[in-house]
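For reference, the chains in residue letters:
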Amino acid sequence: MKLRNMTTVYVFHNDKILFIKKTGSRIFSSPNTILWCGIGGHFENKELNNPENCVVRELFEETSLKESDMKNLALKYITLRKKEEEIRQQYIYFADLANPCAVLRECDEGELHWVKINDISNLEMAFNNAQCLNHYFQTGKNDDFIYVCAIEVKNSDNMPHAVFTPLQDFDTKY
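Model, not experiment: these values are computed from the prediction. (Residues numbered from 1 in each chain as written. Predicted model: local features only at pLDDT ≥ 70, side-chain atom pairs only at ≥ 80, totals over all residues. Heavy atoms only, no water.)

Draft legend 1. Representation of the overall build of the protein in the model. Across its full length, the protein carries 2 helices and 9 strands. In the protein, the order of α-helices and β-strands from amino to carboxyl end is β-β-β-β-α-β-β-β-α-β-β. What you see for the protein is a C-alpha radius of gyration of 16 Å, in line with the 16 Å of a compact globule of 174 residues. Buried positions account for 39% of the 174 residues belonging to the protein. Within the protein, counting contacts between residues at least 6 apart in sequence, those at least 24 apart form 61% of the total. Summing over all exposed atoms, the protein offers an accessible surface of approximately 10700 Å²; the carbon and sulfur share of this is 47%. Taking the 20 positively charged and 25 negatively charged side chains of the protein as two groups, their mean positions are separated by 2 Å. (Helix = DSSP H or I, 4+ residues; strand = E, 2+ residues; numbered from the N terminus. Rg over C-alpha atoms; globule rule 2.2 N^0.38 Å. Buried < 20%, exposed > 50% of the residue type's maximum accessible area, 1.4 Å probe, protein only. Contact = heavy atoms within 4.5 Å. Areas by Shrake-Rupley, 256 points an atom, 1.4 Å probe, with all protein chains shown as cover. Lys, Arg positive; Asp, Glu negative; His and termini not counted. Charge placed at Lys NZ, Arg CZ, Asp CG, Glu CD.)

Here it is in structure tokens:
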């Protein structure tokens, strides 16, 4: 079994979120399928124990935004999903654009778009990201928890379901 570690950040500016519009993603079988993603990517070896370093690097590589262009950068979700012989773990961050004058570069992974928050439910996204965004707007934006989101498939309907639980410290004597 392999592990795949990834990060994503959703950057807010006023009533919009920054997305990458990708065509022909590996996630979907059709080469012409459009997929909307937050900013992010895979960990490099030196980042394995620091997802924030990965998300900041990916943010700069894909948009030219620096950490200093952000405020309130916070880890909000850790998702777990099994796909074939791989466990996929994704760290999902949220941030606000602190520098509205920052200029975005062209992204070689797709087109960057500021999407109105009210329109994101119409976008084609990876299941776990769509579920985390939905949970964020219903619950997560109102608290300081980091949530763990596991994707399960129930045999009764063979459809994926997202299960959320707050990640909490606990003291054990064992």
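Draft legend 2. Expanded view of helix α1 (residues 51-63). Here α1 is 13 residues long and its end C-alpha atoms lie 18 Å apart, about the 18 Å a rise of 1.5 Å per residue gives. Buried within α1 we find Pro51, Cys54, Val55, Val56, Arg57, Glu58, Leu59, Glu62 and Thr63. For α1, the secondary structure elements touched by its buried residues are β1 (2-13), β2 (16-23), β4 (39-42), β5 (70-83), β6 (86-97) and β7 (111-116). Positioned one or two residues after α1, Ser64 has a phi angle of 80 degrees, which is positive. (Expected span 1.5 Å × (residues − 1).)

Draft legend 3. Spotlight on the side chain of Asn128. Relative to the assigned elements, Asn128 resides in helix α2 (residues 127-138). What makes Asn128 buried here is its relative accessible area of 10%. If we ignore the near neighbours within four places in the chain, the residues touching Asn128 are Thr79, Gln90 and Ile151.

Draft legend 4. Highlighting a nonpolar patch on the surface. Residues Met1, Leu3, Leu80 and Ile87 make up a contiguous nonpolar surface patch of roughly 380 Å² in combined accessible area. Looking at where Met1 falls in the secondary structure, it is placed in the segment before β1. A relative accessible area of 59% places Met1 in the exposed class. (Patch = residues over 30% accessible without salt bridge, like charges linked within 9 Å, V, L, I, M, F, W, Y side chains within 5 Å. Salt bridge = Lys/Arg side-chain N within 4 Å of Asp/Glu carboxyl O.)

Draft legend 5. Structural detail: the pairing of β1. For β1 and β6, the ladder comprises 11 bridges, and the chain directions are parallel. The residue bridging Asn5 from the neighbouring strand is Gln89, located in β6. By the bridge criterion, 4 bridges tie β1 to β4 in an arrangement that is antiparallel. Each residue of the ladder has a partner; that of Thr7, found in β4, is Gly41. Relative to β2, β1 runs antiparallel, the two sharing 2 bridges. Residue Phe12 lies in a different strand from β2, and its bridge partner there is Ile17. (Pairing = 2+ DSSP bridges.)

Draft legend 6. Molecular detail of the packing of aromatic side chains. Under the criterion given, the structure shown has 12 aromatic pairs. Ring centres of Tyr77 and Phe94 lie 6.2 Å apart, and the angle between their planes is 65 degrees; on these two criteria the pair is classed as edge-to-face. Of this pair, Tyr77 sits in strand β5 while Phe94 sits in strand β6, and the two are 17 residues apart along the sequence. Of the two residues examined, Tyr77 and Phe94, each falls in the buried class. When the ring of Tyr77 is compared with that of Phe164, the centres are 5.9 Å apart and the planes differ by 75 degrees; the resulting orientation is edge-to-face. Of this pair, Tyr77 sits in strand β5 while Phe164 sits in strand β9 (residues 160-167), and the two are 87 residues apart along the sequence. The ring of Phe60 has Arg105 lying over it, and the distance from NZ or CZ to the ring centre is 4.9 Å. (Phe/Tyr/Trp six-rings, centres within 6.5 Å; stacked < 30°, edge-to-face > 60°. Lys NZ or Arg CZ within 6 Å of the ring centre and 35° of its normal.)

Draft legend 7. Here's a closer look at the pattern of salt bridges. Scanning the model with the defined rule gives 9 salt bridges in all. As a salt-bridge pair, Glu47 and Arg57 come within 2.6 Å of each other at their nearest N and O atoms. Here Glu47 is found in the loop between β4 and α1, whereas its partner Arg57 is found in helix α1, with 10 residues between them in sequence. Exposure remark for Glu47: the relative accessible area of 3% places this residue in the buried category.

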